[in-house]
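Geometric and topological summary
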Amino acid sequence: FRAFSASNFFTSRSNAKCLSWPAALAASVVAALALLLVPGEDGRQPLTGSDALLAGALESEPSRADGWVALADGRALQPVLTFPDRDGNWCREFLLRDGDQDWRGVACREAGRWETQVVARETFLAAEEAYRPAGAGDNDKVAGFITRNAADIALGASDEQALITSGWQDAR
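Along the chain, Asn-89 falls in the loop between β2 (76-84) and β3 (90-98). Under the relative-accessibility criterion, Asn-89 is labelled buried at 17%. Other than its neighbours up to four places away in sequence, Asn-89 contacts Phe-83, Pro-84, Arg-109 and Glu-110.

Here is the structure:
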């Protein structure tokens, strides 16, 4: 029988292994909770659900390949395309710039209201920057949502404008 020695206890390999797994488990739990509770990379909450300014612009602004719509709160919006979803609702892919944060998302119009369905951080290249192959800026999360939920191809400019003018009353 050996006498207990704190220095021997903490330096022994078998005891060190026994003491390290609870610490590793605790660190993993803390990291997982931090990922769930921290809203964004810099503490700002990404858009989710209903956003009145975004909804108002999606209701009335046509899709565009370039140029941005200034929202009253300082954000800038670029509607990208409009497509029908599998539930018979209209959805719009959009780009949103909020200061130094760029977002790509999709909002769908259900019961007369635009609700953001998916949104992800994005980095937009300025128009004057180098060649970029088709699809190079696609965000997997947003592209996956569109692939899973689109019922048809995106509307052309004239069909989209007619839909906006009609107050989103489907004439199909």
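Before going further, it helps to spend a moment on the state of the cysteines. Inspection of every chain in the model, using the stated rule, returns one disulfide. Cys-91 shares a disulfide with Cys-108; S-S distance 2.0 Å. Taking the sign of the S-S torsion, 100° for the link of Cys-91 and Cys-108, the bridge is right-handed. Of this pair, Cys-91 sits in strand β3 while Cys-108 sits in strand β4 (residues 101-110), and the two are 17 residues apart along the sequence. With respect to class, Cys-91 is no different from Cys-108; both count as buried.

Moving on to the packing of aromatic side chains. Under the definition given, this model contains one aromatic pair. A ring pair is formed by Trp-114 and Trp-168, whose centres lie 5.1 Å apart and whose planes are at 80°; its orientation type is edge-to-face. In this pair, Trp-114 sits in strand β5 (residues 113-121) while Trp-168 sits in the segment after α5 (157-165), placing the two residues 54 residues apart along the sequence. For Trp-168, a relative accessible area of 4% corresponds to the buried category. A cation over a ring is seen here: Arg-121 above Trp-103, with NZ or CZ 5.4 Å from the ring centre.

About the thresholds
Per chain, the residues get numbers from 1 upward, laid out in the order the sequence is written. The predicted origin of the model limits local features to residues at a pLDDT of at least 70 and limits the giving and counting of side-chain atom pairs to 80 or more, whereas totals for whole chains, interfaces and linings rest on all residues. Each side-chain value is derived from all of the structure's non-hydrogen atoms; neither hydrogens nor water enter the calculation. For helices the rule is a DSSP run of H or I covering at least 4 residues; for strands it is a run of E covering at least 2, with both sets numbered from the N terminus onward. Each residue is placed in one exposure class: buried if its accessible area under a 1.4 Å probe, protein chains only, is under 20% of its type's maximum, exposed if it is over 50%, and partly exposed if it falls in between. Working rule for contacts: check all heavy atoms of both residues, and any pair within 4.5 Å makes them a contact. Two cysteine sulfurs form what is called a disulfide whenever their separation falls within 2.5 Å. The aromatic pairing rule takes the rings of Phe, Tyr and Trp, using the six-membered ring of Trp, and pairs them if the centres are within 6.5 Å, calling planes under 30 degrees apart stacked, those over 60 edge-to-face and the rest tilted. In this scheme, Lys NZ or Arg CZ marks a charge over a ring once it lies within 6 Å of the ring centre and within 35 degrees of the ring normal.

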